[in-house]
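Examination of the molecular architecture
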Amino acid sequence: MLMARAFIMQTTSTHVFEHSLILASVVSIGHLSTVALAASTLGFMTANVTGLSIIQGLASALDTLLPAAWTSDRPQLVGLWTQRMVVVTGVTLIPITVIWFNAESILLLLRQDAEVARLAALYLKWESLGLPAYAFNCISRRYFQSQGLFAVPTRIIMAIAPINILMTYLLVWGPESIRLGFIGAPIASSISYNLVSIASIAYGVFFVEKTAWHPISRRSFTSLGLLVHLGLAGVGQVASEWWSWELVGLAASLLGPVALATQSVLLASASSTYQAPFALSVAASVRVGNLLGERNARRAGISANTSIVLGIAIAAFFSTVLLSFRKSWGHLFNDDPEVVSLVASILPWVALFQVFDATCGVSGGILRARGKQTTGALINLSAYYIIGIPFGIWLTFSQDMKLAGLWIGLTVSLIYGSSVGIYLCWKADWAKEVEKTSARLAIDKKTEPESHLTN
């Protein structure tokens, strides 16, 4: 239990500090102007839809493969699957980069304000400097965490996060000789992502035992079918959720700059509070995956159920915080009185959905450990696109509830998704999950050289 708590705390710290790379940009740009905040929000929304969500979805395949491989009799598969994911992700980055460099024309076709679209496209071009590093960090973090080395990414991001905050301040608000204004924020975050990658490589080479490492060879380009299958299902699970948020943001943009700026504050707040339950979902995914690799069905089930209970407790704490400080919360991001007032009026809904957001995230992590990304994708697709978003849009525009209607719709979708996810975890046959895990690991055994099996 003490080890599990340490894993959760370290994973939470990793994601909180990693999220600070984004939050620093939002806060710094938000105090430039409302238009600048709206542009950065639109730019980041576009980055999420067309790139970051896809990378995260692909990398989620490693949540299934790496933890189980580490506790199996062939831990070198951890390194091999990691190398294969680098190959798959590297190819995926090509079309993503093309889209980012042509974002302005795409946003104008979507009828965004011309100045907001121009600044958002500028944001994306500079943010693309950190895109390969962002992808690599998603992979390397899972490589470390699957081995129980949760402290490694935590130490790295804790060292880089203060540097990022300082760089962001200097490049956005610093002395005139180095101040870049709006573009300073994406430049700072891009540099920070690259620093994290460099530090991760150095740490892995010099300070981590090579038990999980597989020599780089042609095998890194083989047997990609299972990885791509799980990765595409993971894109469906992760991206469908991320895209729903950006669709809501797009709907908010139709309500005007104040609503879009308010949406930026609410989204940044909800994303920040979500880092703890998201970290818990990662820890649960690794722990359950490790236990499945060990063929320990009973403990895998206990770990899954305990994680859901912890998720509820964590979310309840953040709900209390948001309700307690709702009237002054908006000042953290923007000084526009209209924005601050609108934030205060909608925060109760944001506080309510914290519990369902947390349990939905944790159950999703458990599904990934079981290799059920497709099931997770179907839950998210039905929750957001069939139930929540249509209902929210109806409330927003037909019932004139405006931005509050969108958040009510999101809350309803999460109630549904959370309920189904918890039910599937509760009814799981963990003995069968052990056998499925063993079958996945056996796929590579047929082609693995004898020397690697006996290392």
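Check the entry above for the structure.
Residues numbered from 1 in each chain as written. Predicted model: local features only at pLDDT ≥ 70, side-chain atom pairs only at ≥ 80, totals over all residues. Heavy atoms only, no water.

1. Things to note about the overall build of the chain
Counted only if it meets this: By definition, any uninterrupted DSSP run of H or I lasting at least four residues is a helix, any uninterrupted run of E lasting at least two residues is a strand, and each is numbered from the N terminus. Radius of gyration: over C-alpha atoms. The globule rule applied is 2.2 Å multiplied by the number of residues raised to the 0.38 power. Residue burial is assigned from relative accessible area. The probe radius is 1.4 Å, only protein chains are included, and a residue is buried under 20% of its type maximum, exposed over 50%, and partly exposed in between. A 1.4 Å probe and the Shrake-Rupley method give the accessible areas. Residues count as covered only by the protein chains that appear here.
Tallying secondary structure elements over the chain gives 18 helices and zero strands in all. For 455 residues, the compact-globule estimate of 2.2 N^0.38 gives 23 Å, and the C-alpha radius of gyration of the chain, at 22 Å, lies within 12% of that figure. Considering only C-alpha atoms, the chain reaches an extent of 65 × 50 × 40 Å along its principal axes. For the chain, the residues scored as buried account for 58% of the 455 residues in total. Element-wise, carbon and sulfur atoms account for 69% of the exposed surface of the chain, whose accessible area totals about 18,500 Å².

2. Comments concerning the nonpolar core
Nonpolar side chains in soluble globular proteins generally cluster together in the buried interior. Going by this rule: As used here, the term nonpolar core means buried Ala, Val, Leu, Ile, Met, Phe, Trp, Tyr and Cys residues forming a set that is joined through side-chain atoms within 4.5 Å. Working rule for contacts: check all heavy atoms of both residues, and any pair within 4.5 Å makes them a contact.
Ranked by internal contacts, the top residues of the largest apolar core, which has 68 residues, are Ile55, Trp81, Phe182 and Leu227. With ten residues, the top contributor of residues to this core is helix α2 (residues 34-59). Not counting chain neighbours up to four residues away, the residues in contact with Ile55 comprise Thr89, Leu93, Ile96, Leu131, Tyr134, Ala135 and Cys138. With 31 residues, the next largest nonpolar core counts Leu37, Trp245, Ala270 and Trp407 among its residues.

3. Points about the environment of Asn137
Relative to the elements of secondary structure, Asn137 occurs in helix α7 (residues 131-146). Relative accessible area serves as the criterion here: at 4%, Asn137 is assigned to the buried category. Apart from residues lying up to four places away in sequence, Asn137 is in contact with Tyr193, Val196 and Ser197.

4. Remarks on the pattern of salt bridges
Pairs can form between side chains of opposite charge once their charged atoms are near each other. What counts, and what does not: Salt bridge criterion: a side-chain nitrogen from Lys or Arg within 4 Å of a carboxyl oxygen from Asp or Glu.
Applying the stated criterion to the full structure yields seven salt bridges. Measuring nitrogen to oxygen at the nearest pair gives 2.8 Å for the salt bridge that ties Arg118 to Glu115. Highlighted residues: Arg118 and Glu115, both in helix α6 (residues 114-127), separated by three residues, approximately one helical turn. Several salt bridges share partner residues, and in doing so they unite Asp63, Arg142 and Arg368 into one network.

5. Considering helix α15 (residues 373-398)
To keep things clear, this is the line we draw: Helix span is expected to be 1.5 Å times the residue number reduced by one.
Counted at 1.5 Å a residue, the expected span for α15 with its 26 residues is 38 Å, and the 35 Å between its end C-alpha atoms agrees. Residue Asp400 follows α15 closely and has a positive phi angle near 55°.

6. As for the environment of Leu230
Examined against the element boundaries, Leu230 turns out to sit in helix α10 (residues 225-253). Residue Leu230 is classed as buried on the basis of its relative accessible area, which comes to 4%. Sequence separation of Leu230 and Val288 is 58 residues, and the distance between their C-alpha atoms is 17 Å. With residues near it in sequence (within four places) discarded, Leu230 still touches Ala61, Thr64, Leu65, Gly371 and Gln373.

7. A short note on empty space enclosed by the protein
Here is the rule: Whether a set of points on the 1 Å grid over the protein atoms alone is a cavity depends on a 1.4 Å probe fitting there but being unable to get out, while an open set qualifies as a pocket with protein on both sides within 12 Å along at least five of seven lines; lining residues are those with an atom within 4 Å of a point. Grid points are joined across faces, edges and corners, and a volume is the space filled by probe spheres set on the points. When residue character is reported, Ala, Val, Leu, Ile, Met, Phe, Trp, Tyr, Cys and Pro are called nonpolar, Asp, Glu, Lys and Arg charged, and the others, Gly included, polar.
In the structure shown here, the tally under the stated rule is six cavities of 30 Å³ or more. Taken together, 44 residues make up the lining of the largest cavity; nearest its centre are Trp242, Ser271, Tyr274, Gln275 and Phe278. Those elements that place two or more of their residues in the lining of the largest cavity are α1 (2-30), α2, α7, α10, α11 (257-293), α14 (337-369), α15 and α16 (403-426). Of the residues in the lining of the largest cavity, the class split is 18 nonpolar, 18 polar and eight charged. Of the voids in this model, the second largest cavity is the one considered here, and its volume is about 90 Å³. Taken together, eleven residues form the lining of the second largest cavity, with Asn137, Arg141, Pro153, Val196 and Ser200 sitting closest to its centre. Ranked by the residues each element gives to the lining of the second largest cavity, the list is headed by α7, at four residues. In the lining of the second largest cavity, the residues fall into five nonpolar, four polar and two charged.

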